[in-house]
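The primary structure of each chain is shown beneath.
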Amino acid sequence: MSIAELVETYISVGDKIDTLWNMFIFLHLGVLGYAMSTQVATIKTAHKILGCVGYLFFSYVNYNALIDSYHFANSVLADIRDAMKVAPNAHAAHLQSFFDLYRLDGRDAIVFMIHAIALVAVIYLLLQGTSFAWRKKRFQRGDEEVENIGI
């Protein structure tokens, strides 16, 4: 492959990594919104377990896809470095210094830590909830007393 094709491949892998992280973030925003707007005590145990199993499945698939994508991006970067050493040109020196300094090593640990922290937080929210989100607030509106569940 030419250097241009390798760089194009690297960019497309980067787009895939961005998409995977966006999915991860938006799922957690949805879970957080659901947990904050629902009385966890009223959810059936079977539904809580189903939610946890579904989240575990998503987290496992997302984690493995991110790890595989980072490994593939690392291999494409190595190919780019090798191709630039074989066929140098006027622009290759500048690009080679960038690709020599740019590394994706260590991303496995970062992805693992983020997924582990999110896993603990989501399982806790799905099973226990947060006490402040489900306190019943009573307030007076005119002559009637209204019960409101929420923050």
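In this text the structure is predicted, and so the values were computed from the model without any measurement.

Reading guide: rules and limits
Residues numbered from 1 in each chain as written. Predicted model: local features only at pLDDT ≥ 70, side-chain atom pairs only at ≥ 80, totals over all residues. Heavy atoms only, no water. Helix = DSSP H or I, 4+ residues; strand = E, 2+ residues; numbered from the N terminus. Buried < 20%, exposed > 50% of the residue type's maximum accessible area, 1.4 Å probe, protein only. Contact = heavy atoms within 4.5 Å. Areas by Shrake-Rupley, 256 points an atom, 1.4 Å probe, with all protein chains shown as cover. Phe/Tyr/Trp six-rings, centres within 6.5 Å; stacked < 30°, edge-to-face > 60°. Axes fitted to C-alpha atoms, helices over the stretch in contact; angles between N-to-C directions. Parallel < 35°, antiparallel > 145°, perpendicular 65-115°, else oblique. Nonpolar A, V, L, I, M, F, W, Y, C, P; charged D, E, K, R; others polar. pLDDT = per-residue confidence, 0-100.

Caption draft 1: Expanded view of the overall build of the protein. The number of helices and strands found in the protein is four helices and two strands. Order of helices (α) and strands (β) in the protein, N terminus to C terminus: α-α-α-α-β-β. Per-residue burial for the protein yields a buried fraction of 32% across its 151 residues. For the protein, restricting intrachain contacts to residue pairs at least 6 apart in sequence, the fraction spanning at least 24 positions comes to 73%. Carbon and sulfur atoms make up 65% of the accessible area of the protein, which totals about 9,900 Å².

Caption draft 2: Structural view of the packing of aromatic side chains. Under the criterion given, the structure shown has two aromatic pairs. Consider the rings of W21 and F24, whose centres lie 5.5 Å apart with planes at 90°: the pair is edge-to-face. Here the residue W21 and the residue F24 both occupy positions in helix 1 (residues 3–37), the gap between them amounting to three residues, near one helical turn. By relative accessible area, which is 6% here, F24 ends up buried. Pairing Y63 with F112 gives two aromatic rings, centres 6.3 Å apart and planes at 70°, and the pair type is edge-to-face. Linking Y63 in helix 2 (residues 45–86) with F112 in helix 4 (residues 107–127), this pair joins segments that are 49 residues apart in sequence. Residue Y63 is classed as partly exposed on the basis of its relative accessible area, which comes to 23%.

Caption draft 3: Quick peek at the packing of helix 2 against helix 4. Across the interface, helix 2 lies against helix 4 with an axial gap of 10 Å and an inter-helix angle of 170°. Relative to helix 4, the element helix 2 is oriented roughly antiparallel. Contact with helix 2, carried on its side by K48, G51, C52, Y55, L56, S59, N62, Y63, L66, I67, Y70 and H71, involves R107, D108, V111, F112, H115, A118, L119, V122, I123, L126 and L127 of helix 4 and no other residues of that element. In terms of residue class, the contact of helix 2 with helix 4 is made up of 15 nonpolar, five polar and three charged.

Caption draft 4: Representation of the confidence of the model for the protein in the model. Residue-level pLDDT values for the protein average 79, and 77% of them are 70 or greater. Between the elements of the protein, mean pLDDT differs from a low of 44, seen in strand 1 (residues 136–141), to a high of 89, seen in helix 4. Contacts for the low-pLDDT stretch residues 132–143, under 50 throughout, to residues beyond four places or in other chains number 34 contacts.

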